[in-house]
Amino acid sequence: MALRPARDLDARPGVLEVDLTARVEDVEIAAGKKTPTWTYNGGLPGPLLRARVGDRVIVHLRNELPAPTTVHWHGVRLPAAMDGAPGHSQPETPPGGDFTYDFVVPDAGLYWYHPHVDSAVQEGNGLYGPLLVEDPDEPAGLGDQLVLVLSDVSLRDDGSLEDPQAGGNLGTLFGREGDLLLVNGRVNPVIGARAGLRQRWRIVNAAKSRYYQLLITDHRFTRIGGDGGLLEHPVEEDRILLTPGERADVLVTPRGAPGATLSVRWVPYDRGYGATFGRPEVEAFRLRLADEPLAEDDPLPEVARRIEALDTAAARRVDLQLTREEGPGDLVMGINGVPSWEAEPLVAAVGETAVWTVENTMEFDHPFHLHGFFFQVLGADGQPVRPLAWKDTVNVPVDGAARFAVRYDNRPGMWMFHCHILDHADAGMMGMLHVVP
Ligand code: C2O
Ligand code: CU
């Protein structure tokens, strides 16, 4: 259940250096069956990379897959040449090739890595893993920390992975979801807990299409963080919603009789017009309470972070529409009526602030992701949503829009933005932002 940490090859403090080999390996997803899976270092998910704010991270990618690949470091404000976005800032790594990623992790939070070539297929085949960047100055005593990588998969009877292009255009339109929920690569795993003792869950939704909405009957969650580290202040929530690509940092105190089992349920989320794609409520994982009486936990330390609202008075406007193109043949999606392969990049300058409005003209929600920068989500009135938070992925609701303020505070370069339903991104719902000095 616990993730395998990556082996640090570098004894120097402040440097995490790891080998990451992308290769096909048999993984036991369903009991007794071997599933040839695309893995990093042979496991599903890829190894847990664990660093501290300001550390240098060096990753030696070796590509032993039958296809070219890259590694994108989702959410990390790194130089564009390390971002894994092929064709713009970094070449693809061919089969048999290698590439060394070398960057500093400037912000605390849970990030993740996945390919950015043929993403729906490669991530759907198993290529994803977590990168946890910790801040030693964070309050202690938040509880036992667990990193939970959520995903889903469909297996054929012989244990092999379902065709990543299954369902043709309709599959692309809905976004292909797997039937089996995976938590750290396992179906229905059991996590040990003690009644009354808080746990801290660092969760990433690494599924290529599925929205995760999790709840435990008669329990509440305290959400303390999101994509880019801690929130301005915690919020209480009955359920945790994560669109593909998003992260959550939540505290939960399990309650129940000694030895009892609590079910952490995935409940359908309406992605538009009642569309839950016929998915039933299902158990994602369980908590097994120790055979000990209710423990008395220490009070929750104060968890707060000073975040300034971005000043948008002089901000430039960026208006985007998520669109679906009509025509024969393969389903094509786009931004402002143009698929990614025909789009001209947007241009902006380092240091500028912009307000983006991303409008949804399609029949389902879309999780919108911008590379290279964090943003602050704005409400319909243009005011920042509280608590303030740094995000890199935000849901664009059906018949609505997402608005956010962003300051181009990272280095110049070509940066991607796209829907994180990867079937949609591959169908053209993607664009480029050229940030110039
Ligand atoms: Cu996780 Cu371009 O995305
Ligand atoms: Cu989409």
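In this text the structure is predicted, and so the values were computed from the model without any measurement. (Residues numbered from 1 in each chain as written. Chains lettered and ligands numbered in written order. Predicted model: local features only at pLDDT ≥ 70, side-chain atom pairs only at ≥ 80, totals over all residues. Heavy atoms only, no water.)

**Notes on the sheet that holds strand β21 (residues 332-335)**
Sheet architecture is open: 5 strands sit in the order β21-β20-β23-β27-β25, paired in mixed fashion. Bordering the open sheet on either side are β21 and β25 (375-378), each of which pairs with just one other strand. Each adjacent strand pair in this sheet contributes to an overall mean axis angle of 20°, direction not counted. (Pairing = 2+ DSSP bridges. Helix = DSSP H or I, 4+ residues; strand = E, 2+ residues; numbered from the N terminus. Axes fitted to C-alpha atoms, helices over the stretch in contact; angles between N-to-C directions.)

**Thoughts on the coordination of the copper ion (ligand 2)**
Within the protein, His366 (ND1), Cys419 (SG) and His424 (ND1) serve as the donor atoms for the copper ion (ligand 2), at 1.9 to 2.1 Å. Written as a sequence motif, the donor arrangement for the copper ion (ligand 2) is H-x52-C-x4-H. Of this pair, histidine 366 sits in strand β24 (residues 366-370) while cysteine 419 is found in strand β28 (residues 413-419), placing the two residues 53 residues apart along the sequence. You'll find histidine 366 and cysteine 419 in the same group, each marked buried. (Donors = N, O, S within 2.8 Å, 3.2 Å for Na, K, Ca; no water. Buried < 20%, exposed > 50% of the residue type's maximum accessible area, 1.4 Å probe, protein only.)

**A closer look at the domain arrangement of the protein**
By convention, interface size is frequently given as the accessible area that disappears when the constituent parts associate. Domain parsing of the protein yields domain 1 (15-134), domain 2 (144-289) and domain 3 (316-436). Taking the mean C-alpha position of each, domain 2 and domain 3 sit 25 Å from one another. Facing the 28 residues of domain 2 at the interface are 30 residues of domain 3. At the boundary of domain 2 with domain 3, total buried surface from both sides reaches about 2300 Å², with 52% on carbon and sulfur atoms. (Domains from an automatic or database assignment. Contact = heavy atoms within 4.5 Å. Buried area = accessible area lost by both parts, 1.4 Å probe.)

**Observations regarding the packing of aromatic side chains**
Considering all chains together, one arrives at 18 aromatic pairs under this definition. Between tyrosine 211 and tyrosine 269, the ring centres sit 5.5 Å apart and the planes meet at 10°, which makes this aromatic pair stacked. Of this pair, tyrosine 211 sits in the loop between β12 (199-205) and β13 (212-215) while tyrosine 269 is found in the loop between β18 (261-266) and β19 (282-289), placing the two residues 58 residues apart along the sequence. The exposure class assigned to tyrosine 211 is buried, which follows from its relative accessible area of 2%. By relative accessible area, tyrosine 269 is classed as partly exposed at 22%. A centroid spacing of 5.4 Å and a plane angle of 80° characterise the contact between phenylalanine 373 and tyrosine 408, whose relative ring orientation is edge-to-face. With phenylalanine 373 in the loop between β24 and β25 and tyrosine 408 in the loop between β27 (401-407) and β28, this pair connects stretches of sequence that are 35 residues apart. One aromatic cluster is present, built from ring pairs that chain together Tyr40, Trp73, Phe99, Tyr101, Phe103 and Tyr113. (Phe/Tyr/Trp six-rings, centres within 6.5 Å; stacked < 30°, edge-to-face > 60°.)

**Here we look at unusual backbone geometry**
Along the chain, leucine 44 connects to proline 45 via a cis peptide bond; the corresponding omega equals -10°. With respect to the helices and strands, proline 45 occurs in the loop between β2 (35-40) and β3 (49-52). For the bond running from arginine 386 to proline 387, omega is -10°, close enough to zero to count as cis. With respect to the element layout, proline 387 can be found in the loop between β25 and β26 (393-396). If you check the backbone angles, aspartate 218 has positive phi at about 65° while not being a glycine.

**Describing the UniProt feature "domain: Plastocyanin-like" (unreviewed entry) in the protein**
Taken from the UniProt record, the annotation "domain: Plastocyanin-like" (unreviewed entry) applies to residues 25-137, 147-257 and 336-435. As a span, residues 25-137 carries 5% helix and 38% strand, and end to end its C-alpha atoms are 39 Å apart. Each end of residues 147-257 is marked by a C-alpha atom, and these two atoms are 25 Å apart; helix forms 6% of the span and strand 45%. (UniProt positions renumbered as here; feature names shortened; annotations may be inferred.)

**With respect to the pairing of strand β20 (residues 316-325)**
Pairing between β20 and strand β23 (residues 353-360): 7 bridges, direction parallel. Across the sheet, the residue bridging to leucine 322 is asparagine 360, located in β23. In this structure, β20 lies alongside β21, joined through 4 bridges in antiparallel fashion. Across the sheet, residue leucine 322 finds its bridge partner in β21, namely isoleucine 335.

**Some remarks on the sheet that holds β13**
Taking strand neighbours across the sheet as the criterion, the 5 strands line up as β11-β19-β18-β13-β16 in an open arrangement whose pairing is mixed. The outermost strands of the open sheet, each flanked by one partner alone, are β11 (190-193) and β16 (240-242). If you compare each strand with its neighbour and ignore which way they point, the axes differ by 25° on average. Of the strand pairs in this sheet, β11 and β19 are connected by 4 bridges, and their pairing is parallel.

**Topic: the nonpolar core**
Ranked by internal contacts, the top residues of the largest apolar core, which has 71 residues, are Trp73, Trp356, Phe368, Tyr408 and Leu433. What tyrosine 408 contacts, discounting residues up to four positions off in sequence, is Val318, Ala348, Ala349, Val350, Gly351, Glu352, Ala354, Trp356, Phe373, Leu433 and Val435. Grouped together as the second largest cluster of nonpolar side chains are 23 residues, Leu242, Ala248, Phe285 and Leu287 included. (Core = buried A, V, L, I, M, F, W, Y, C linked by side-chain atoms within 4.5 Å.)

**Concerning the side chain of histidine 116**
Structurally, histidine 116 is set in the loop between β7 (109-114) and α1 (119-124). Engagement of the side chain of histidine 116 in a polar contact is seen with the side chain of histidine 371, the distance being 3.2 Å. Setting aside chain neighbours within four positions, we find histidine 116 in contact with Thr70, His72, Gly84, Pro86, His371, Met416, His418 and Met430. (Polar contact = N/O pair within 3.5 Å; in protein donor to acceptor, adjacent residues only side chain to side chain.)

**Digging into the side chain of aspartate 10**
Looking at the secondary structure, you find aspartate 10 in the segment before β1 (15-27). Note on aspartate 10: relative accessible area 9%, which makes it buried. Among the polar contacts made by the side chain of aspartate 10, one reaches the side chain of arginine 12 at a distance of 2.7 Å. Residue contacts for aspartate 10: discarding those within four places in its chain leaves Val15 and Glu17.

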